[in-house]
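Each chain, letter by letter, is given below.
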Amino acid sequence: MMRAWTEEYYDIVAHYFWAPDQIGHRSDKERKLKKSFEVLGRLRSLEEPLNHILGVFFALAPSSFVDRIFEKHAGVVAGETLTLLGRTAHSDVTQPDFAFDGLNSYLTIEAKVGSQSSFEQLLKYAYLHRAAASERPR
């Protein structure tokens with residue numbers, strides 16, 4: 001059976017769990033999660049590690065593939081080169097998990113694990129998209 005490429009991320013996390021000195025930390029004897037499999041189990045249930053994995057994926061994926069993902073799953077066709085913006089994309093009310101910018105497009109993704117977006121979060125994204133549209137040259 002072929003190993004999932006996402007497991008590389010968890011291998012990296014496990015490495016730093018067992019060798020915290022490599023990033024200037026010391027092992028905490030009082031930590032709640034004592035074993036690496038406990039830490040990995042916890043991480044697999046959180047949104048942030050998913051965002052890290054997807055961030056690597058989107059950084060490596062061709063723009064045309066990202067465009068096809070939006071077309072197939074959101075019905076949005078950019079039809080142009082999209083640039084992953086990273087953590088620089090934000091407004092004063094929200095920061096998207098992923099933002100892609102094109103000449104005429106601004107697309108965002110909010111990833112969720114075990115929860116749903118709220119109406120308030122949808123409004124924040126609408127505000128972000130409005131702000132991005134107002135910054136575009138006409």
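As a reminder, the structure under discussion sits directly above these lines.
Residues numbered from 1 in each chain as written. Predicted model: local features only at pLDDT ≥ 70, side-chain atom pairs only at ≥ 80, totals over all residues. Heavy atoms only, no water.

Draft legend 1. Layout of the layout of surface pockets. What the largest pocket holds in volume is close to 240 Å³. Around the largest pocket sit Ile12, Val13, Tyr16, Phe17, Pro20, Ile23, His25, Arg26, Ser27, Asp28, Arg31 and Val39, which together line it. Top element by residues in the lining of the largest pocket is helix H1 (residues 7–18). It accounts for 4 residues. In the lining of the largest pocket, the residues fall into 7 nonpolar, 2 polar and 3 charged. (1 Å grid on protein atoms, 1.4 Å probe; cavity = no way out; pocket = protein on both sides within 12 Å on 5 of 7 lines; lining within 4 Å. Points joined across faces, edges and corners; volume = space filled by probe spheres on them. Helix = DSSP H or I, 4+ residues; strand = E, 2+ residues; numbered from the N terminus. Nonpolar A, V, L, I, M, F, W, Y, C, P; charged D, E, K, R; others polar.)

Draft legend 2. Focus on the sheet that holds strand S3 (residues 106–109). Strands sit in the order S1-S2-S3 across an open sheet of 3 strands; the sheet is antiparallel. Every other strand in the sheet has two partners, leaving strand S1 (83–84) and S3 as the edge strands with one partner each. Here strand S2 (residues 98–101) pairs with S3 via 4 bridges, running antiparallel. For Asp101, the partnering residue across the bridge sits in S3 and is Tyr106. Sheet strands in contact with helix H3 (residues 47–60) are S1, S2 and S3, and its direction is about 20 degrees off that of S2. (Pairing = 2+ DSSP bridges. Contact = heavy atoms within 4.5 Å. Axes fitted to C-alpha atoms, helices over the stretch in contact; angles between N-to-C directions.)

Draft legend 3. Region of interest: the environment of Glu48. Looking at where Glu48 falls in the secondary structure, it is placed in helix H3. Taking the C-alpha atoms as reference points, Glu48 and Ala111, 63 residues apart in sequence, are found 8.9 Å from one another.

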